[in-house]
Amino acid sequence: MLKSIITIVLLTFFYCANTAQAAAWQDISTGEYTYKQLQTKTSRSGPTLMFSDSPEYVRDYGVLYEDKLQGDIRIFYYHVNDKWPEARIAVVVLNEELRPVNVKVLKQAKPKPSYHWQRDGQLAQQLYFGAQTPYEAKLGMYDKLELLSGSNGLLYKKDELAQGIIELHTDAPVTVKIVSLPPAAQIGEYLDIAAPISADNVRDIPLRGTFPQANKTIVLEELRFEGTDMLGVVIADGQQDKFVEGQDAPTGKKAENYGNYGVFYEILFENKSDAKIGVRLNGTAGLIAGQVLISEQNGKNLRKVDFPTDNTKFFSEFGRETILVGEFPAKFKGKIIFSPPGTGNLPITLLFYKLDK
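In this text the structure is predicted, and so the values were computed from the model without any measurement.

### Focus on the overall build of the protein chain
- Looking only at helices and strands, one finds three helices and 24 strands in the protein chain.
- Here the protein chain holds 357 residues, and the buried ones make up 54% of them.
- Long-range contacts, defined here as pairs at least 24 residues apart, represent 83% of the contacts in the protein chain between residues at least 6 apart.
- For the protein chain, the accessible area works out to roughly 15900 Å², and carbon and sulfur atoms hold 48% of it.

### Overview of the packing of aromatic side chains
- What the rule picks out here adds up to twelve aromatic pairs.
- The ring of Tyr128 is capped by Lys107, whose NZ or CZ atom sits 4.8 Å from the centre of that ring.

### Considering the confidence of the model for the protein chain
- In this model, the protein chain carries an average pLDDT of 87, and 87% of its residues clear a pLDDT of 70 or more.
- Low pLDDT, under 50, characterises residues 1-33; the stretch is placed with 78 contacts to residues that sit more than four places away or in other chains.

### Some thoughts on the nonpolar core
- If you look at the biggest cluster of nonpolar residues, it comprises 52 residues, and the most contacted ones within it are Ile235, Phe269, Ile336 and Phe352.
- Here this core takes four residues from strand E18 (residues 264-270), the largest share from any one element.
- Once you skip the residues sitting within four places of it in the chain, Ile235 turns out to touch Ile218, Asp241, Tyr265, Ile267, Phe338, Leu346, Pro347 and Ile348.
- Membership of the second largest hydrophobic core comes to 31 residues, among which are Leu64, Tyr65, Val101 and Tyr156.

### Things to note about the sheet that holds strand E14 (residues 215-220)
- In space, the six strands of this open sheet follow the order E3-E14-E18-E23-E20-E21, with mixed pairing throughout. Among the strands making up the open sheet, the edge pair consists of strand E3 (40-45) and strand E21 (303-307). Each strand axis lies, on average, 20° off the axis of its neighbour in the sheet, ignoring direction.

### Let's talk about the pairing of strand E15 (residues 230-235)
- Of all the six residues making up E15, six are buried; the element is thus mostly covered by neighbouring parts of the structure.
- Neither face of E15 is left uncovered, since the one carrying Met230, Gly232 and Val234 and the one carrying Leu231, Val233 and Ile235 both have all their residues buried.

### Quick word on the pattern of salt bridges
- Applying the stated rule across the entire model yields 14 salt bridges.
- When the shortest N-O distance is used, the salt bridge between Glu245 and Lys254 registers 3.4 Å.
- Between Lys272 and Glu270 there is a salt bridge, with its nearest N and O atoms 3.5 Å apart.
- Put simply, Glu222, Arg224, Glu270 and Lys272 are held in one network by salt bridges that share partners.

### Section: unusual backbone geometry
- In this structure, the amide linkage connecting Ser54 to the following residue, Pro55, adopts the cis form with an omega of 5°.
- Within the secondary structure, Pro55 sits in the loop between strand E4 (48-52) and strand E5 (57-58).
- Look at the link from Leu346 to Pro347: it is a cis peptide, with omega at 10°.
- Position of Pro347 among the secondary structure elements: in the loop between strand E23 (333-338) and strand E24 (348-354).
- Its identity is not glycine, yet Asn260 carries a phi of approximately 55°, on the positive side.

### Things to note about a nonpolar patch on the surface
- Residues Leu98, Met141 and Tyr142 make up a contiguous nonpolar surface patch of about 390 Å² in total accessible area.
- Within the secondary structure, Leu98 sits in the loop between strand E7 (86-94) and strand E8 (101-109).
- For Leu98, a relative accessible area of 67% translates into the label exposed.

### Some points on the environment of Thr133
- Relative to the assigned elements, Thr133 resides in the loop between helix H2 (117-129) and strand E9 (135-139).
- Thr133 gets classed as exposed once you look at its relative accessible area, which sits at 67%.

### Some points on the side chain of Lys335
- Here Lys335 is to be found in strand E23.
- At 3.5 Å, the side chain of Lys335 forms a polar contact with the side chain of Glu266.
- Once residues within four sequence positions are removed from consideration, Lys335 is found in contact with Glu266, Ile267, Leu268, Phe269, Leu293, Ile294, Ser295, Glu296, Gln297 and Gly299.

### What about the environment of Leu191?
- Along the polypeptide, Leu191 turns up in the loop between helix H3 (187-190) and strand E13 (208-211).
- Spatially, the C-alpha atom of Leu191 lies 8.3 Å from that of Gly62, the residues being 129 residues apart in sequence.
- Leave out the neighbours within four places in its chain, and Leu191 touches Val92, Leu94, Lys144, Lys177 and Val179.

Analysis parameters
Residues numbered from 1 in each chain as written. Predicted model: local features only at pLDDT ≥ 70, side-chain atom pairs only at ≥ 80, totals over all residues. Heavy atoms only, no water. Helix = DSSP H or I, 4+ residues; strand = E, 2+ residues; numbered from the N terminus. Buried < 20%, exposed > 50% of the residue type's maximum accessible area, 1.4 Å probe, protein only. Contact = heavy atoms within 4.5 Å. Areas by Shrake-Rupley, 256 points an atom, 1.4 Å probe, with all protein chains shown as cover. Phe/Tyr/Trp six-rings, centres within 6.5 Å; stacked < 30°, edge-to-face > 60°. Lys NZ or Arg CZ within 6 Å of the ring centre and 35° of its normal. pLDDT = per-residue confidence, 0-100. Core = buried A, V, L, I, M, F, W, Y, C linked by side-chain atoms within 4.5 Å. Pairing = 2+ DSSP bridges. Axes fitted to C-alpha atoms, helices over the stretch in contact; angles between N-to-C directions. Salt bridge = Lys/Arg side-chain N within 4 Å of Asp/Glu carboxyl O. Patch = residues over 30% accessible without salt bridge, like charges linked within 9 Å, V, L, I, M, F, W, Y side chains within 5 Å. Polar contact = N/O pair within 3.5 Å; in protein donor to acceptor, adjacent residues only side chain to side chain.

What follows is the structure, encoded as structure tokens:
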């Protein structure tokens, strides 16, 4: 199949393991050059994603988003206190069934709300990929479980961002609510009077919703550098990599996750060339910070790559910097795990290029 050729301009920021790598990348680091776009095969699996980011800037007390769900659930919340000196945000699991429900909290990535939005977007991913201690709770009829603090949620000050990722499993339906409440309110009493908060009108489709199968597996075609020095694939642009679609539960309207926030990618590649290759991540759309995991396809030799690190910086507004994901020998079969971080500008581009033998 004929591949499209994309022309891009990159100004690389060097995060190099050795002088040979720096020299190899410097050869193609400035000016205009081309890469061939890799063809892909995509499949979906995984939990149901409940994503709450509208209104992003919270100016009312009430229920920001809610839905009734069962099974494997991923919650991604992202809200800024845009009005009060202090307010609270809570994530509540309610059992509204006439029998007990078992809830197992599998992963928690809940940075303390702060003014450092991008730093905490990266921190949320570091916490998510870090060591976790799952716990279980049994909810009787009409019992509730608050997930952020265990009681009344988290305080956040004016202009602070509260963001996080939580994964859980339930053996029966539960109602999950993301709630904005006064700092002195008690969540049990407040839920009885909390009214729904409408999504903002920034876009025709607000950035919130419930999305099934929130994991994507992308298989890249074999890496063969025939007639080119570089291959690339774009992630989370809405065209080459489609945004996931679902439903806005409070209104019943169509929902689109434009950015695929809360979606976790497993990107599989195989180096079919006879040369060692390098892989770099480019923040194509501008500022972005997070963490990726890299390993063999069988999961062995897993390591984490942060962007930024002490040796790098945030990707610039112009999206021209790149960061080294790894270097791999001929015939290597690899796996990259990536999720669009909160506050990150999408899309990204993964670049595959040959190194000297």
